[in-house]
Each structure stands twice: as structure tokens, then as C-alpha cells.
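So you can see what is in the structure, the chains are spelled out below.
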Amino acid sequence: MSDRELIVVNKNGMYCPAGDFYIDPWAPVERAVITHGHSDHSRVGMGEYYATRAGLPILQWRLGEQNFHSYDYGESFTLGSAIISFHPAGHVLGSAQVRIEHDGHVCVVSGDYKRQPDPSCAPFEVIRCDTFITEATFALPIYRWPDTALVARDIVAWVDECKQNGEAAILYCYALGKAQRLLAELARTSADAVYLHGAMLRGVDIYRAAGIDMIETHAVIDEARTGNFAGKLILAPPSAAGSPWLRRFRKAQQGFASGWMSIRGNRRRRNLDRGFVISDHADWPALLRTINETGAKKIIATHGNTDALVRLLNEQGTNASIFQTSNLLQTESGEDD
Amino acid sequence: MQRFAQLYQRLERSTAANDKLAALMAYLNTAEDNDMAWAIWLLNGGKLSTAKNKLATTRELREWIATESHIPLWLVEECYEQVGDLAETVTLLFDEPTRKYADRSLTEWIENILLPSANRDESARREVIVAAWRELDFSQRFVFNKFLLGNLRVGVSRGVLQKALASIFDLDVSIIAQRMLGAWEPTSAFVATLRDESSTGMETSAAYPFYLASPIGKNIETLGPISDWLLEWKWDGIRLQLILREQQTVLWSRGEERMDERFPEIENSAAMLPVDCVIDGELLAWGDGDNPHPFSVLQTRIQRRKPGAKTLSTAPVHMLAYDLLELNGEDLRQQPLSIRRERLIELLASCNPPAIQISPEVVAASWQQATELRTQSRERGVEGLMVKRRSSFYLHGRKRGDWWKWKVDPLTIDAVLIYAQSGSGRRSTLFTDYTFGVWDNEQLVPIAKAYSGLTDDEILQLDRWIRANTTERFGPVRAVNVEHVFELAFEGVNKSSRHKSGIAVRFPRILRWRHDKNAAQADHLKTLAALAR
Ligand SMILES: [Zn+2]
């Protein structure tokens, strides 16, 4: 069997005929190999779930009790005639690349990944392969992430500025991954406790249980309704923007931590006071570097700005193509940028 | 240039004029004069790259950045499409400097590095600009690219900039505005002229700061004998200062804006005045009728330079003169009002300029009689009475004691809350901008927007109610259930073809929340329409 047929796309998602399983399928199927717990990658309704041990508590939180099979990173298992193993993707706690080997060919599905250091999850591991299926969320050369420690310092300075104005500092970020990464980064930078929106609590508990060192947190709800949040950093999911929940803060500045904040227009359109560039995806240099390091002869891009990346790779003589993931089926706001 | 880049960032982040003002003052207070000159130039909309002074075209910048970031031109285009701003795209595509360079001043960048490269061949200009990119960090590179490509467009109004300068130089803003008029070069010599205290008032077109009346918050009888006071109608137009010096006429509005060329009627009449003088008065749209046109007619003239014959005939303007501040080069402001007014009357009588007339005295023998006269205000198209102490000097700003405005009580109406929107900036967590409607048959038609007048507790209570009673959303605007009635106050009602209701209310504000009324008891449009003029 040629490597071209090791993974295909059909109406349910990415499918491995040799192993008769799907990777992060978007419709109910019998066997699903899951890269990580974000809602555009893991869904309810699958017969059996194959996932990492480190990511299991997150899947249990997100999907409830399901028929899970979990494996350590690097541990091989067999489905049909394919040999499968998970390898760290550096995206969020328990996130994985999926390595599939069949008939001497190796294909790696990256899932979402990043190359920046992240104190809240295992670092990305380069896996040599013949075919590399890479995400392309931020696949344009304008996306180049600053050093996370510098961004954390900017956040602390912003909170100080809010304190001087008697304002709360509300920072929107995704509840799974980004929030915990920020809390872990802040544990190195700042001493002040951080307050959490209710949607953040469970994820933070799971990370703490996994032994991730994060700054002290309190639930916003535990403070008196008229509690004074001036000068406090509050993490909230993006969906809290414009909601009645904000009323208790009276005077507040609002910021957003996301790779999209690289572009001023994105911040201004959302009417935010501040944007902080911090992403759990690979930026442009990391994408090119990773593609190169895998040694893959064939690259398939999926999720995001695939066209530009594929055109460039082809112009440079690399065999590259696109997997059309149905945008309609992805969650509209994508919860993990 | 670090400090200028920081200023740019602060200006860009702030939405409130006060924050912008504070940021500007913080920068200007400590900037060197030559940097300050360039900062003022750039913030005032000045450009570096012009047809005569070619630094880089947008095509060149695209090509240079493609080469420098080792990507094809089409990919630069793709990026530009995602970003929507070329200066920002170019900034994002360039690598951050690998080491820290010593800061160079804004002036050094512009005068020693950029401008000397102007009009040189492409490779020479390119070398200069790419070298600059290598040295500048993100925020500096961004402003650098911004002014390379055109103007900064950071949302600083001329007014805020002038206010900041006036405040750091401790000068009147009209003087700053005056000195920034016309062509000037961004040099430290220019900054020295800007801050020069000695020449205050010497310039031929410098205006005097306006003296403003305060609302009288007490019983009018407490002012003492009415014979000590001059009464005039409180005209509803634009306060205007007419300056005639050395055969040159200059018009200043109270917003510290020059109004030259907008009102030829006034300028023609001014040309008839026999001597240099400065007159304070009110600009009104006034045709042949007994009363002035409503303010909305004047509005059609305010921003129009060199109006055509049609405009001049449908909305002719007229100045009612209040005061004479200067005559024949002599500053009269320390003379009593009675003397100033006498000389003003003489001056106007000597030449009878058709579009400039004295604001007539309202003669009343007692406060009682004055109070009765005041009730005619609305039908006369005025806002009430002005009460000025006859012995008063012409002060500046709003100083209580000698000049009072005695407005008629506002009109009030009960209206229903129909739409709500969140406030801007720091108040954006709450719904604080409201639209109110009154009944027109079975329908509620919007008649006013109001932002203020409720207590903090009421705002919170109403916010909660709005969220629970939203019936429809149009973008940021929410339609709400027809339920709550508010008493609104306003200064007047004009007919308006621009509004669905056919009327426009002036200065609406919320007086109180009428918990005692239900929506059916709110007022009707025809009541308001009857008041419109
Ligand atoms: Zn993800």
C-alpha cells in the first residue's frame, strides 16, 4: 500500500483504511483516535475513543464517560494492520500527534501543535515520517510569536496600570489550555492571585491535579457580589464579553490573549483595550521548521491558511496538498487559537 | 523615537479625549523642541513622503519587504489582505532586531536619515530604509512605516493637540490655534514661536478668550436692583468673535475654530466698519422674519466654505453684536460693560452694516416684569434672557458673579424606553445609551437619545432589566419590551426632515424614571410636533 492512501478524507473526517479508524472525526464513527480535548477535535458520539493518558481527564470533563482506551506517549498499539502511537504536540495538556505506520510507510498527523516552550504541557517532539499532515491555523509569515515571558511581563504591567486607574483587568482567553498556560507563566512572573470566571474552574483543577504549577487562583463567584476587583487580573472565556457577568466589575479594561491579536484590526473590531499575542499553535517559522525537521516527502495542510502554505511549498519543490476540513463543521469561533 | 512610538501606542489605545490629552501632554512636556516640532507636524496630519520628496512608494515597500523576509511578492499580498494595513504588514513581516540599539531621536530619524535619502535612486533609498528596519523594534518600526507611507491617522483631533500645547505652554488655546494656521516648518524655531509669551495679542488675527455666562441657580431677585443689570435675549446661535485689524477680517467661533470664508455676509458688513475693532456676538440664521431661523438652518452653513447664491438666500446669516473688546488697537476689556456697549452702538450707527446689528436691550422696570418678558422666549425663538452687570469687565472663561444666563425652564415629556446600547470605552460593560419613543397612533416613534441623568443604581437596575427584556438585536442595539417610562427634559423642538418622527429635540436628557407611569401613559408625537418650529 502506498503512503498516499494511508490517510484519506471522507465525509466523517480523516480516515485510515488500514486501521479502520478516524482521527478527530466530526461525525459519529466506530473508532476515533483523538489528538486533544478541544471541541473542534473531540466530539461525543463515537463508539470507541483512543487517546493519551495525559489527556484523559480533559476528555472525561469535556465528553463525559465514554469508552476510552488511553496510552502513554510513545506507547504503540495496533488497530487493524496499522501500528499507532501518540507523541507530544506541545499544544495543551495531553495533546498528541498521531504516528501511523503501515507497510513500511509512516504518516504523522500533527493535530494542533506549537514549538514554543509551555510550562503546562509536554514539549513537541519531532517524528520523522514520510507524510506529515500539519495544521495551518496561522500559516502566514505575519504570524511570528513573541517570547511568552515578555508577553507575561506585559500582562503584569497592564494589570498594574489598571490598578492605578482603579479598574479590573479582564483577560479573555480559552478555558482549556490558554488559561492554564497563562497561570503557569504568571507563576514565574507575578505574585498576585488571579480570579477566574466559572467556566475556567474545572480546567484549572484538572491541570492542578496533573501537577502543573500555576499561580494562586480564586473563583470570581466566591468574592462578595460587590467585591472590589480593581487592580485584579480576571481570566474569562471570550464568550463572557458583552455578557451580564461583566456588570460586577463596573470599571474594567478588557484584553484578549490570542494569536489573532497580532493584528491590530482584530483587537479594534472587538473593541478591546489590549491584545496579547500568545498562541498555542505553531507560528509561521515553527511550521516551516517542523515540516523540514520531519523529513517528510509529502506535506498535507489542514485547518486554516492552507492555500498560501501549500502554494509556497510547491513553489519550493516540496510535494504539498490540502485536506479540506469542512469549515461548517468546525466550531465557529474555534476555541483554541 | 521610543517615546514617540509609546505616545502613538497610547493614543491608539485610548478612546476618551481626556486620555489622549493626558498622553500628549506627558510627551510634549518632556520632548526636545525639535522632536516636539516633528511630533506636532506628524500628529497634525503632515506627511514626509510627498511628490517632491520621494522616500518610498507602496510598490517599493512591498518589493523590499518581500526580499528582506525571503518570501515571494504574492505572499506579501496575501498577508496584506489579512492585515488590511500596509505599514502594519511590513512591520509584522520583518524580524525583530537581535540586539538593542541606542535610541535615536525622532528628529534624527527624519532629518539625518530619512530626508537626506529623498529622491535618490531606488537602491540608495532602499538601503536607508532597510537599515532602519533592522534597528527599530516593533512599535518604532510601525510608526516609522506609518509616516513613511503617509500620515499617522491616530485619531488625534486638531483641537486636542492645540489644547495640549496651550496647556503645557500656559497660553490660551486661541493663540496656539492662530499660530498653527497657515504654512509652518517643523523646526525648534517654530516651537519657540508657539510658546512665545511676549507676543500674545500682537498678532493681527489673535482672538480674545470668550467670557461665558453661568446659569443662575438662585432666585433672580437676589441680584439686587434691576437697574444695575443689562438684559438681552439669550440667542440660540453660535458665539462668534469678529476681528478687524489692518483691513483684515477674521472670524473665530467659540470652539476656537476659524470660520473665514464661510459667512461672506458678515465679512462684507465688517468691511464697512471704519476702524479696527474686535466684536463679540452671536451668529444666527435670520431672513426677513421677526425671529431668527431655528438652529438647524444655521447648521447648514457652519461647515460650508464659499457658500453659493442658493445657500445665501435660503439661510442668510446675521450677527447680533454683544460687546466691543477692542477699538482702534485699544483693549477695552477692563472698561465697564456700559461704556463698551455705548461705543459699540456708536460704532455700528456710524456705518450701519446690514448683517451686523446690536443685540437689543430688553427693557424691564422690575424683576417681576423681566420674568413676564422671559415667558415670551420660546415664541421669539430664544432660550431665555442674559443678565449682565452693567459695570462688569470682560473676563475670560466661565466666571460666576457678573454674567448670568436665565434660561426658560426646559420642556419635558414622558417617553418610553425602546432601544438600548452599551456605552463606549470604560462604560461598555453596561447598557447606558438609551433611545426613547413617544406614541404616534399605535406605534412608538423614536424621538431622542439620552446618555445621562440616571443614578448608578438606576443604571444597574435598568441594565439588568434590559438584558432580561430584549426582544430583538440589531448589531449592538437591543430592542426592549415596551414598559418603562422616563421623563425627559429638552431645550426645544425643531422640525426635521432627517428624522422619522419629523422633529428633532435639542439637548435631551433624562430627568427621572417614572415608575408611577405605564407605557400607555407616555406622551404623543402630536404634542411634541405642536411645539416644533
Ligand atoms: Zn486545539
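Residues numbered from 1 in each chain as written. Chains lettered and ligands numbered in written order. Predicted model: local features only at pLDDT ≥ 70, side-chain atom pairs only at ≥ 80, totals over all residues. Heavy atoms only, no water.

Student: I'd love a proper account of the sheet that holds strand β16 (residues 252–257) of chain A, names of residues and values included.
Tutor: All names here are of chain A. Pairing is parallel in the open sheet, where six strands are placed in the order β14-β13-β15-β12-β16-β17. Of all the strands in the sheet, the pair left with one neighbour each is β14 (217–219) and β17 (274–276). Direction aside, neighbouring strands of the sheet carry axes that sit 30° apart on average. Sheet topology note: the strand β12 (residues 168–172)/β16 ladder contains five bridges and is parallel. By the bridge assignment for β16, Ile170 is matched with Gln254. Sheet contacts for helix α2 (residues 148–165): β12, β15 (233–236), β16 and β17; angle to β12, the most-contacted strand, approximately 145°. (Pairing = 2+ DSSP bridges. Helix = DSSP H or I, 4+ residues; strand = E, 2+ residues; numbered from the N terminus. Axes fitted to C-alpha atoms, helices over the stretch in contact; angles between N-to-C directions. Contact = heavy atoms within 4.5 Å.)

Student: A description of the interface of chain A and chain B should follow, citing residues and the corresponding values.
Tutor: A common way to report how large an interface is uses the accessible area buried once the components associate. Counting residues at the interface gives 29 residues for chain A and 29 residues for chain B. Counting each side, the surface lost to burial between chain A and chain B is near 2,700 Å², with a carbon and sulfur contribution of 49%. In terms of surface lost to chain B, no three residues of chain A exceed A:Arg247, A:Arg250 and A:Arg264, which account for 27% of the buried area on that side. Linking chain A to chain B there are six salt bridges. Put simply, chain A and chain B have 10 residue pairs in polar contact (both at pLDDT 80 or more) between them. (Buried area = accessible area lost by both parts, 1.4 Å probe. Salt bridge = Lys/Arg side-chain N within 4 Å of Asp/Glu carboxyl O. Polar contact = N/O pair within 3.5 Å; in protein donor to acceptor, adjacent residues only side chain to side chain.)

Student: Provide a residue-level description of the sheet that holds strand β4 (residues 31–33) of chain A, including the pertinent values.
Tutor: All names here are of chain A. Read across the open sheet, the six strands follow the order β1-β2-β3-β4-β5-β6; overall the sheet is mixed. Two strands lie at the open edges of the sheet, namely β1 (8–10) and β6 (68–71), each paired on one side alone. Across the sheet, the mean angle from the axis of one strand to that of its neighbour is 35°, orientation sign disregarded. Where strand β5 (residues 48–52) and β6 come together, four bridges link them in parallel fashion. Within β6, the residue paired with Tyr49 across the bridge is Phe68. Helix α1 (residues 56–63) rests against β5 and β6 of the sheet, and its axis sits at about 160° to β6.

Student: Account for the packing of helix α4 (residues 58–68) of chain B against helix α5 (residues 73–83) of chain B, naming residues and giving values.
Tutor: Residues and elements named next belong to chain B. Here α4 crosses α5 at 110°, and the two axes come no closer than 9 Å. Here α4 lies roughly perpendicular to α5, going by the angle between them. Note on packing geometry: the crossing formed by α4 with α5 is right-handed. Judged by residue contacts, Arg62, Glu63, Ile65 and Ala66 of α4 engage Leu73, Val76, Glu77 and Tyr80 from α5. (Parallel < 35°, antiparallel > 145°, perpendicular 65-115°, else oblique. Left-handed = near helix turned anticlockwise from the far one by under 90°.)

Student: Can you break down helix α7 (residues 306–315) of chain A residue by residue, with the values?
Tutor: The set of residues buried in α7(A) consists of A:Thr306, A:Ala308, A:Leu309, A:Val310, A:Leu312 and A:Leu313. Buried residues along α7(A) sit in contact with β11 (131–136), α6 (284–294), β18 (298–304) and β19 (319–322) of chain A together with α5 of chain B. Residue A:Gly317 follows α7(A) closely and has a positive phi angle near 90°. (Buried < 20%, exposed > 50% of the residue type's maximum accessible area, 1.4 Å probe, protein only.)

Remember, this is a structural readout, not a statement about activity or role.
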